[in-house]
Amino acid sequence: MIESPRKFEGFGSINIFDLIRVLEIDTLGYKGFGEVFTANKDLLIDYATRTAIVIPVKDEELLTLEGVISAIPHVSLVIVVSASSREPVDRYADEVDLVRSIHRNTRRGIIILHQQDPVWGEALKGTSLEKMISGGKVRSGKGEGMILGILTAAAFGYKYVGFIDSDNYVPGSAYEYAMIYYSGFLMSESKYAMIRIKWPYKGKLASSDIYLRKRGRVSSITESILNYALSLYRKYETDIIKTANSGEHALTIDLALKMKWSGGFAVEPYELVNLIEMCYLGLEDGDCPIISDKIKIYQIESRNPHIHAERGDEHIADMLNFSLGTIYHSKLGLDQVKERIRKALEEYGIRDEPPRPRIYDLSDLEPTKVLEKIISISSDVHYFEPK
Ligand code: GDD
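Because the structure is a prediction, the values reported are computed rather than measured.

S.K.: Which parts of the structure should I look at to understand the overall build of the protein?
M.R.: For the protein, the helix and strand inventory stands at twelve helices and 19 strands. When its C-alpha atoms are laid out on the principal axes, the protein stretches across 60 × 55 × 50 Å. When each of the 387 residues of the protein is scored for burial, the buried share is 57%. For the protein, the share of sequence-separated contacts (at least 6 apart) that also reach a separation of at least 24 residues comes to 76%. Surface exposure of the protein reaches about 16800 Å², of which carbon and sulfur atoms provide 49%. Here the protein contributes 48 positively and 55 negatively charged side chains, and the mean placements of these two sets differ by 2 Å.

S.K.: Even after reading the chapter, I still don't get the pairing of strand E6 (residues 51–57), so can you show me in this structure?
M.R.: For a regular strand, side-chain orientation follows a simple rule: the groups alternate between the two sheet faces. Taking burial as the measure, the seven residues of E6 include seven buried ones, the bulk of the element. Every second residue of E6 is oriented toward a common face, with Thr-51, Ile-53, Ile-55 and Val-57 on one face and Ala-52, Val-54 and Pro-56 on the other, all of them buried. As paired elements, E6 and strand E11 (residues 160–163) share four bridges and run parallel to each other. Pairing of Thr-51 across the sheet is with Tyr-160, part of E11. With six bridges connecting them, E6 and strand E7 (residues 77–82) associate as parallel partners. Bridge pairing in E7 links Pro-56 to Val-81.

S.K.: Mind showing me how you'd approach the packing of helix H5 (residues 142–155) against helix H9 (residues 267–279) here?
M.R.: Look at H5 against H9: their axes get within 9 Å of each other, and the N-to-C directions meet at 70°. It follows that H5 is roughly perpendicular to H9 by the angle criterion. Facing Lys-142, Gly-143 and Met-146 of H5, the residues of H9 in contact are Val-267, Glu-268 and Glu-271. Across the contact of H5 with H9, the residue classes break down as two nonpolar, one polar and three charged.

S.K.: Can you walk me through the site of the ligand in this structure?
M.R.: Taken together, 23 residues are adjacent to the ligand, and Glu-60, Asp-165, Lys-202, Arg-311 and His-315 come closest. A distance of 2.6 Å separates an oxygen atom of the ligand from a polar side-chain atom of Glu-60. At 2.7 Å, a side-chain N or O of Lys-142 approaches an oxygen atom of the ligand. The residue inventory of the shell around the ligand, partitioned by class, reads seven nonpolar, eight polar and eight charged.

S.K.: Looking at this model, I keep getting lost on the packing of aromatic side chains. Mind explaining?
M.R.: Aromatic rings considered in pairs are described by the distance between their centres and by the relative angle of their planes. Summed over all chains, the structure comprises seven aromatic pairs. Look at Phe-11 and Tyr-280: their rings are 5.4 Å apart centre to centre, the planes differ by 80°, and that puts the pair in the edge-to-face class. Of this pair, Phe-11 sits in strand E2 (residues 8–11) while Tyr-280 sits in the loop between H9 and strand E16 (295–301); the two residues are 269 residues apart in sequence, bridging distant segments of the chain. With relative accessibility at 0%, the residue Phe-11 sits in the buried group.

S.K.: Hey, could you run me through the environment of Ile-241 in this one?
M.R.: Within the secondary structure, Ile-241 sits in the loop between helix H7 (217–234) and strand E14 (249–252). When the C-alpha positions of Ile-241 and Leu-230 are compared, they lie 9.5 Å apart, and in sequence the two are eleven residues distant. Ignoring any residue separated from it by four or fewer positions in sequence, one finds Ile-241 in contact with Ile-16, Glu-223, Leu-226, Asn-227, Leu-230, Leu-272 and Gln-299.

S.K.: What should I look at first to understand a nonpolar patch on the surface in this one?
M.R.: The grouping of Tyr-201, Ile-210 and Leu-212 at the surface amounts to a nonpolar patch, some 250 Å² of accessible area in total. Relative to the assigned elements, Tyr-201 resides in the loop between strand E12 (193–198) and strand E13 (202–204). Judged by relative accessible area, Tyr-201 falls into the partly exposed class, the value being 35%.

S.K.: Would you explain the packing of helix H1 (residues 41–49) against helix H6 (residues 171–188) in this entry?
M.R.: Axes are the key here: two packed helices are described by the angle between their axes and the distance separating the axes. Look at H1 against H6: their axes get within 9 Å of each other, and the N-to-C directions meet at 105°. The angle between H1 and H6 falls in the class roughly perpendicular. Of H6, the residues touching H1 (which contributes Leu-43, Leu-44, Tyr-47 and Ala-48) are Met-179, Tyr-182, Ser-183, Phe-185 and Leu-186. For the contact of H1 with H6, the per-class residue count stands at eight nonpolar, one polar and no charged.

S.K.: Help me understand the state of the cysteines in this model?
M.R.: Covalent bonding between the sulfur atoms of two cysteines is what defines a disulfide. In this structure the tally under the stated criterion is one disulfide. Covalently, Cys-279 is tied to Cys-288 through a disulfide, its sulfur atoms 2.1 Å apart. Residue Cys-279 is classed as buried on the basis of its relative accessible area, which comes to 1%.

Rules and cut-offs
- Residues numbered from 1 in each chain as written.
- Predicted model: local features only at pLDDT ≥ 70, side-chain atom pairs only at ≥ 80, totals over all residues.
- Heavy atoms only, no water.
- Helix = DSSP H or I, 4+ residues; strand = E, 2+ residues; numbered from the N terminus.
- Buried < 20%, exposed > 50% of the residue type's maximum accessible area, 1.4 Å probe, protein only.
- Contact = heavy atoms within 4.5 Å.
- Areas by Shrake-Rupley, 256 points an atom, 1.4 Å probe, with all protein chains shown as cover.
- Lys, Arg positive; Asp, Glu negative; His and termini not counted.
- Charge placed at Lys NZ, Arg CZ, Asp CG, Glu CD.
- Pairing = 2+ DSSP bridges.
- Axes fitted to C-alpha atoms, helices over the stretch in contact; angles between N-to-C directions.
- Parallel < 35°, antiparallel > 145°, perpendicular 65-115°, else oblique.
- Nonpolar A, V, L, I, M, F, W, Y, C, P; charged D, E, K, R; others polar.
- Near = heavy atom within 4 Å.
- Polar contact = N/O pair within 3.5 Å; in protein donor to acceptor, adjacent residues only side chain to side chain.
- Phe/Tyr/Trp six-rings, centres within 6.5 Å; stacked < 30°, edge-to-face > 60°.
- Patch = residues over 30% accessible without salt bridge, like charges linked within 9 Å, V, L, I, M, F, W, Y side chains within 5 Å.
- Salt bridge = Lys/Arg side-chain N within 4 Å of Asp/Glu carboxyl O.
- Disulfide = S-S within 2.5 Å.

Here it is in structure tokens:
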């Protein structure tokens, strides 16, 4: 049960809805009185069946990955996109064994593939994603892994794709994210929808002293600068963006294939910056060249906290640099905005300009053809069919 969306702000053809909260994780026994959004179980099953959940993984603890997979409702396809090491220890081989044993027990549908499998490099040569290849292989980076996940979901005919990180220690959170995705798509009734999760609290499992933050360090800076940039442009102050770096988010395949993507940790803020650039800045309402319909972006706060792996300050500074680079180098990067970005980065010891995002275009790809090629020649892609 979710609060009914009330307020949204329009930016050209994009409607960004203000944050709404999950009110009950399960509506078992609900008779239907409140002004809330609830979905009946059959409808949710229908949406779950048409959703693929992509789990990016890079050298995570196997038990954590297993917990996340166990949380994804049975009828959704799980796509594990791994960038884990192959040597000196072949951690990918362990992940494949794990997935095989999960399938043996549950018979659920799962695909596991390796991001640096040279077959992807071959298959993407000559396409608009050629930029994603370096030395014959797909570049490493979370965004690049997510793009392979989108192509796989599209090739298998899924209508919706959601992302859930593999370093989530609480399977209950991952389950709630998946249920929020299905409910969000049902609620949106839109071909071009995106559901972005805000966790109520976030903590890292570094020591016994867990401190539950309401907002992540990178997210709070990216959000305040993105809101500032939008406010300057529109000349109406806004604080509508509350999920700038949301790793946990989902979107319709129709939207995923039309918008542009970025690599590494620039991926999540760039999704918003790209849609704003393509469908709002300098355009009349309804003039978005890639999508004639409304794009609806929902921001939904889960009940479970997000407890994940600790990576250290350098990782945070890196993520911030890539995130702010997406705004800095966009049409939103007015002088005052650039100044704020430089100040924010200086606090993390970064004095150079943030990096320009690597931008990828999926619009001319034929996912089915790409996947057919990959599955027929790769020995590293494993598809375990649902039974
Ligand atoms: N396939 C693939 N390829 N997976 C990767 C790669 C890669 O190159 N790099 C990281 N991952 C996986 C990790 O194993 C993890 O499951 C997930 O992507 C997120 O990576 P982390 O390194 O744990 O990122 P984080 O937890 O600091 O940041 C997360 O949350 C941010 C918002 O708070 C990420 O999801 C960010 O993208 C997000 O902005």
